[in-house]
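Secondary and tertiary structure notes
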Amino acid sequence: MSVGATETLDPAGTPGTPGTPGTDGHAVAEGVALTAVLVAAARAIETHRPDALARDPYAEHFVRAVPAAADWPLHPQDVPAGEADPLWGRLGRYFALRTRALDDQLLRAVQLGARQVVLLGAGLDARAYRLDWPSDCALYEIDRPEVLAFKQGVLDGIEARPTTPHRVTVGTDLRTDWAQALTDAGFRPDRPTAWLAEGLLLYLPGTAERELFATVARLSAPGSTLAYEAKLGIESAAVRANPVYTATRDRTGIDLLALFDADPRPDTPADLRAHGWSTTDHTPFEFTRHYGRGPLPEPDDTLAANRWVFAVRP
Ligand code: SAM
């Protein structure tokens, strides 16, 4: 298949169609798919902050289309405790900070010459619509078919237009051999690529995570970059009892700790270095300082183990 604007391939290779089963909000109403809606709600709230780290005008449309999220806030005025609210304040602002830091990272990779961007576990990421891409930059979004079908239905409903003519969605499971689906969709392994795995890896079994990194390395021409979020080590019982986790579970029904895969996390920076990549890793708090706003450390912090890793294949 040639690269084309907003085409969705399901594993059978048929285009996704708005209005077909799976495009309504029930398709993302539970399990890990609902975590994509959680992040979208955080971005919707952030969009209306006067000091927004990132603005995503599409985010609230996704949330509104999901009956399970009908009572979630979409505006800072719906969050009376502000940043002290563990879910929509602290975790929400973390998602906003992550969005901004990774926006900047991807745009930097494109400035340096990448003309392919691949969003692994793209969820309701609207970067193809809200960031400025060079007209020859292809943007691939990979997620499960039902998530991408829902997303496309919402975007079509508001007549959204991507800022690149080369947006391609690839509906597949990242625990399977997704490389074939990506190359069938027009991806070129001989061109430098900016890869992103944002909010994805914790949901994958350790073997699938390792496989995913090996595939990224195999498909990456020199000059490619990879940015991803990881968690170091296992969180203590005190951290697991943090209100960020309990409030998310009690108020949205999303039990993040139950959704995270129980496998030990592989040492992916070491794996990448073994493939010849260079890596740097950063705490979110470095970016709070850099942008002048965002979450700060707290006792028994759910964010303390989070790292954003930036890797480059020379
Ligand atoms: N990257 C997006 C963002 O930050 O807004 C979405 C993050 S959301 C927390 C996690 C996403 O990973 C969901 O959209 C989910 O469908 C996707 N995901 C999890 N496991 C997956 C798998 N095995 N194959 C494809 N997508 C997967």
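Scroll up to find the structure this text is about.
Just so you know, these numbers come straight off a predicted model, no measurement behind them.

What counts, and where the lines are drawn
- Residues numbered from 1 in each chain as written.
- Predicted model: local features only at pLDDT ≥ 70, side-chain atom pairs only at ≥ 80, totals over all residues.
- Heavy atoms only, no water.
- Near = heavy atom within 4 Å.
- Polar contact = N/O pair within 3.5 Å; in protein donor to acceptor, adjacent residues only side chain to side chain.
- Areas by Shrake-Rupley, 256 points an atom, 1.4 Å probe, with all protein chains shown as cover.
- Helix = DSSP H or I, 4+ residues; strand = E, 2+ residues; numbered from the N terminus.
- Nonpolar A, V, L, I, M, F, W, Y, C, P; charged D, E, K, R; others polar.
- Buried < 20%, exposed > 50% of the residue type's maximum accessible area, 1.4 Å probe, protein only.
- Pairing = 2+ DSSP bridges.
- Lys, Arg positive; Asp, Glu negative; His and termini not counted.
- Salt bridge = Lys/Arg side-chain N within 4 Å of Asp/Glu carboxyl O.
- Contact = heavy atoms within 4.5 Å.
- Axes fitted to C-alpha atoms, helices over the stretch in contact; angles between N-to-C directions.
- Parallel < 35°, antiparallel > 145°, perpendicular 65-115°, else oblique.
- Left-handed = near helix turned anticlockwise from the far one by under 90°.

Things to note about the site of the ligand
Near the ligand, the surroundings consist of 20 residues, among which Arg-43, Gly-121, Asp-143, Leu-174 and Glu-198 are the closest. Within the backbone of Leu-174, one N or O atom sits 2.8 Å away from a nitrogen atom of the ligand. Burial of the ligand by the surrounding chains reaches 98%, relative to a free accessible area of 590 Å². Counting residues per element, the shell around the ligand draws most heavily on helix α1 (residues 31-47), which supplies 5 residues. When grouped by side-chain class, the residues that make up the shell around the ligand number 8 nonpolar, 5 polar and 7 charged.

Let's talk about the pairing of strand β5 (residues 193-197)
Within β5, 5 of the 5 residues are buried, leaving the element largely enclosed by the surrounding structure. Two strands pair when backbone bridges link them, and β5 and strand β6 (residues 225-231) are joined in this way by 4 bridges, in the parallel orientation. Opposite Ala-194, over in β6, you have Thr-225 as the bridge partner.

Some words on the pairing of strand β8 (residues 306-312)
Most of β8 is tucked away: 6 of the 7 residues are buried. As defined by bridge partners, β6 adjoins β8 across 7 bridges and the pair is classed as antiparallel. Counted as the bridge partner of Ala-227 is Phe-310 from β8. Examined bridge by bridge, strand β7 (residues 278-282) and β8 share 5 bridges and lie antiparallel to one another. Looking at the pairing, Thr-280 lines up with Phe-310 of β8.

A few points about the side chain of Asp-143
Its location among the elements puts Asp-143 in strand β3 (residues 138-143). Buried charge Asp-143 goes without a salt bridge, the closest partner of opposite sign being Arg-144 at 5.5 Å. There is a polar contact of 3.4 Å between the side chain of Asp-143 and the backbone nitrogen of Ala-122. Polar side-chain contacts of Asp-143 include one of 2.7 Å to the backbone nitrogen of Gly-123. Every residue in contact with Asp-143, bar those within four places of it in the chain, is listed here: Gly-121, Ala-122, Gly-123, Leu-148, Val-170, Gly-171 and Thr-172.

Some thoughts on the environment of Glu-83
When you line up the elements, Glu-83 lands in the loop between α2 (59-64) and α3 (86-111). The spacing of Glu-83 and Gly-294 is 211 residues in sequence and 9.0 Å in space, taken between C-alpha atoms.

Some points on the packing of α3 against helix α9 (residues 243-252)
Where α3 contacts α9, the axes come no closer than 9 Å and their chain directions differ by 120 degrees. With respect to each other, α3 and α9 are oriented oblique. Crossing of α3 against α9: the hand is left-handed. Mapping the contact onto sequence places Pro-86, Leu-87, Trp-88 and Leu-91 in α3 and Pro-243, Val-244, Ala-247, Thr-248, Arg-251 and Thr-252 in α9. For the contact of α3 with α9, the residue count by class is 7 nonpolar, 2 polar and 1 charged.

Some remarks on unusual backbone geometry
Phi is positive for Glu-159, close to 55 degrees, though the residue is something other than glycine. The topology assignment puts Glu-159 in the loop between α5 (145-157) and β4 (167-171). By relative accessible area, Glu-159 is classed as exposed at 62%. The phi torsion at Asp-300 lies on the positive side, around 45 degrees, for a residue other than glycine. As for its position among the elements, Asp-300 is in the loop between α12 (284-291) and β8. Given the relative accessible area of 43%, Asp-300 is considered partly exposed.

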